[in-house]
Amino acid sequence: MLLFSSFVPAIVAFLLIIARIDANPAIMRRLVNEYQSTTRRGLPNQGACTRHNLAVRKEWSTLDILTRKSYINAVKCLARLPSTIDPLLAPGARSRFDDFTATHIINTLTIHGTGSFFAWHRHFLYLFEKALREECGYTGYQPYWEWSHWANQPTSANPLYDGSSTSLSGNGRYIPNRNGTFQLLPALNPTPDAFAFFTPPGTGGGYIYSGPLKNWQLHLGPVVDQYDNGQPVPRNPRPDGLGYNPRGMIRDFNNTILQRRASWPVVLGLLVNVTDIAPFQILFFSGPHAGGHTFISGIDNDLFTSPGDPLFWFHHAQVDRIWSIWQSRDLGTREFAIDGTQTLFNIPPSPNATLDDLMPFDFSPPITVREAMSPTKGLYCYIYD
Ligand SMILES: *[C@@H]1O[C@H](CO)[C@@H](O)[C@H](O)[C@H]1NC(C)=O
Ligand SMILES: *[C@@H]1O[C@H](CO)[C@@H](O)[C@H](O)[C@H]1NC(C)=O
Ligand SMILES: *[C@@H]1O[C@H](CO)[C@@H](O)[C@H](O)[C@H]1NC(C)=O
Ligand SMILES: *[C@@H]1O[C@H](CO)[C@@H](O)[C@H](O)[C@H]1NC(C)=O
Ligand SMILES: [Cu+2]
């Protein structure tokens, strides 16, 4: 009896720990359910976007194997189709896939740390999904990567980047004794300390070596020089990164970065406790958004060239998902809320962004910021599960 009663507190403590572990995903589930019902309630019974044609973007791990394979094949198909962007703009672009990297490189300084950051990337993602479907026969929608769910598991647990034949390939080959990358942020006249962005060496550092993208070729970038990371990266023949620079793909996974910057407490804190677009955008941009890129590292340490790694699209689908959920929590004040100017961290100083600003996509017609503010009421018709 004595023995038993001394076990009871231990069992209770254990159950409490289990409950704590499960609390965060359960909170997220509740927030997603609320977002979905708010979105569905806002849809008309008739019109361009209704309950019946609403596309559902899902987490990669929830897709069946055939859908995963068809997504991977469609991405490889885009890399085989000819480029359509004006060759004077991006002479190094060799494929439809490159068109996306090219327009991102061209516009980097006016779509990050600006009022248009979320809106530009929402349309960018939509154009990519559309190309996969209309030009490469993919019948699903762009999947996302639920960072917080995977942050505390070994990277080999995530079927998105476990290196298997149904993944987007895995980590880069491990290179020991590196110094990490030191990226000068693209600002006019950066001072050495104020605009340097250091990433410690992770668990890879070399070229990826397994999975369907093993032979993936990058053609554009880099723009920002990366120093001392072990695997030499050939320089682009043009300073703007838009020349032809064929090379393999580097990755350098570091889960600690995901744990620190994109854990459940960080993401749920943004969704539950941050009500104003200004702090939301700043905390999100430098927190989970930068964290996902830095987890991948490799070319993702070059802000300009990051869409060259197909994992970019999963990362940015999750960025768009978290923004959508946040917007839905008070559509009255958040649906059309933007904050920021028209230049990266306002360098050089520029006017405040407005909903009427035109956002360029180079190979596709420009749209206004306003047109990209709702996932269901304008150009788009999708929801995240
Ligand atoms: C990963 O990131 C953490 C946090 O920045 C850093 O301390 C660590 O050195 C990095 N590399 C590895 C292999 O954990
Ligand atoms: C790391 O830095 C040291 C000192 O600057 C340098 O000698 C070395 O070559 C660097 N290592 C790599 C892999 O770049
Ligand atoms: C929101 O803020 C409150 C008060 O600071 C805190 O107790 C709570 O844990 C926060 N919620 C999240 C999800 O971060
Ligand atoms: C630009 O936006 C900031 C932050 O919302 C605001 O304080 C400032 O007054 C705006 N400037 C102009 C010229 O509208
Ligand atoms: Cu970007």
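Calculation criteria
Residue numbers restart at each chain and count upward from 1, following the sequence in its written direction. Note on labels: chains are lettered from A, ligands numbered from 1, in written order. The predicted origin of the model limits local features to residues at a pLDDT of at least 70 and limits the giving and counting of side-chain atom pairs to 80 or more, whereas totals for whole chains, interfaces and linings rest on all residues. Derived side-chain values reflect all non-hydrogen atoms in the structure, with water molecules and hydrogen atoms excluded from consideration. Helix and strand labels come from DSSP, where a helix needs a run of H or I of at least four residues and a strand needs a run of E of at least two; each type is numbered from the N terminus. For the radius of gyration, the atom set is restricted to C-alpha positions; the globular benchmark scales as 2.2 Å times the number of residues to the power 0.38. For each residue, the accessible area found with a 1.4 Å probe, counting protein chains only, is set against the maximum for its type, and the residue is called buried under 20%, exposed over 50%, and partly exposed in between. Working rule for contacts: check all heavy atoms of both residues, and any pair within 4.5 Å makes them a contact. The protein chains shown are the only cover counted for residues, whose accessible areas, like all others here, come from Shrake-Rupley with a 1.4 Å probe. Two residue types count as positive, namely Lys and Arg, and two as negative, namely Asp and Glu; His and chain ends fall outside the count. In this description, the location of a charge corresponds to atom NZ of lysine, CZ of arginine, CG of aspartate or CD of glutamate. Criterion for a disulfide: a pair of cysteine sulfur atoms within 2.5 Å. Any residue with a non-hydrogen atom lying within 4 Å of a molecule or strand is treated as near it. Here a polar contact means two N or O atoms within 3.5 Å. Within protein one must be a hydrogen donor candidate and the other an acceptor candidate, and residues neighboring in sequence count only if both atoms are side-chain atoms. Gly is put with the polar residues, along with every residue not named as nonpolar or charged; the nonpolar set is Ala, Val, Leu, Ile, Met, Phe, Trp, Tyr, Cys and Pro, and the charged set is Asp, Glu, Lys and Arg.

K.L.:
Explain the overall build of the protein to me, please; I cannot follow it from the model alone.
P.N.:
A count of helical and extended segments in the protein gives 10 helices and 8 strands. Computed over C-alpha atoms, the radius of gyration of the protein comes to 21 Å, within 12% of the 21 Å expected from 2.2 N^0.38 for 385 residues, which places it in the range of a compact globule. Here the C-alpha coordinates of the protein stretch approximately 80 × 60 × 45 Å along the principal axes. Out of the 385 residues in the protein, the part that is buried amounts to 53%. Taking the intrachain contacts of the protein between residues at least 6 apart in sequence as the baseline, contacts between residues at least 24 apart amount to 72%. For the protein, the accessible surface area stands at approximately 16800 Å², while carbon and sulfur atoms represent 58% of it. Within the protein, the 30 negative side-chain charges are centred at a point lying 7 Å from the centre of the 31 positive side-chain charges.

K.L.:
Looking at this model, I keep getting lost on the state of the cysteines. Mind explaining?
P.N.:
Counting across every chain of the model gives 2 disulfides. Note that Cys49 is cross-linked by a disulfide to Cys381, the S-S spacing being 2.0 Å. Its torsion about the S-S bond being 80°, the disulfide of Cys49 and Cys381 is classed as right-handed. Linking Cys49 in the loop between helix H1 (2–41) and strand S1 (55–57) with Cys381 in the loop between strand S7 (367–368) and strand S8 (382–384), this pair joins segments that are 332 residues apart in sequence.

K.L.:
Can you walk me through the site of ligand 1 in this structure?
P.N.:
Surveying the vicinity of ligand 1 reveals the residues Pro200, Pro201, Gly202, Asn254, Thr256, Ile257 and Arg260. In the environment of ligand 1, a nitrogen atom lies 2.7 Å from a nitrogen or oxygen atom belonging to the backbone of Pro201. Interatomic distance of 2.4 Å between a side-chain N/O atom of Asn254 and an oxygen atom of ligand 1. Here ligand 1 loses 59% of its free accessible area of 360 Å² to cover by the protein chains. Residue classes in the shell around ligand 1 are distributed as 3 nonpolar, 3 polar and 1 charged.

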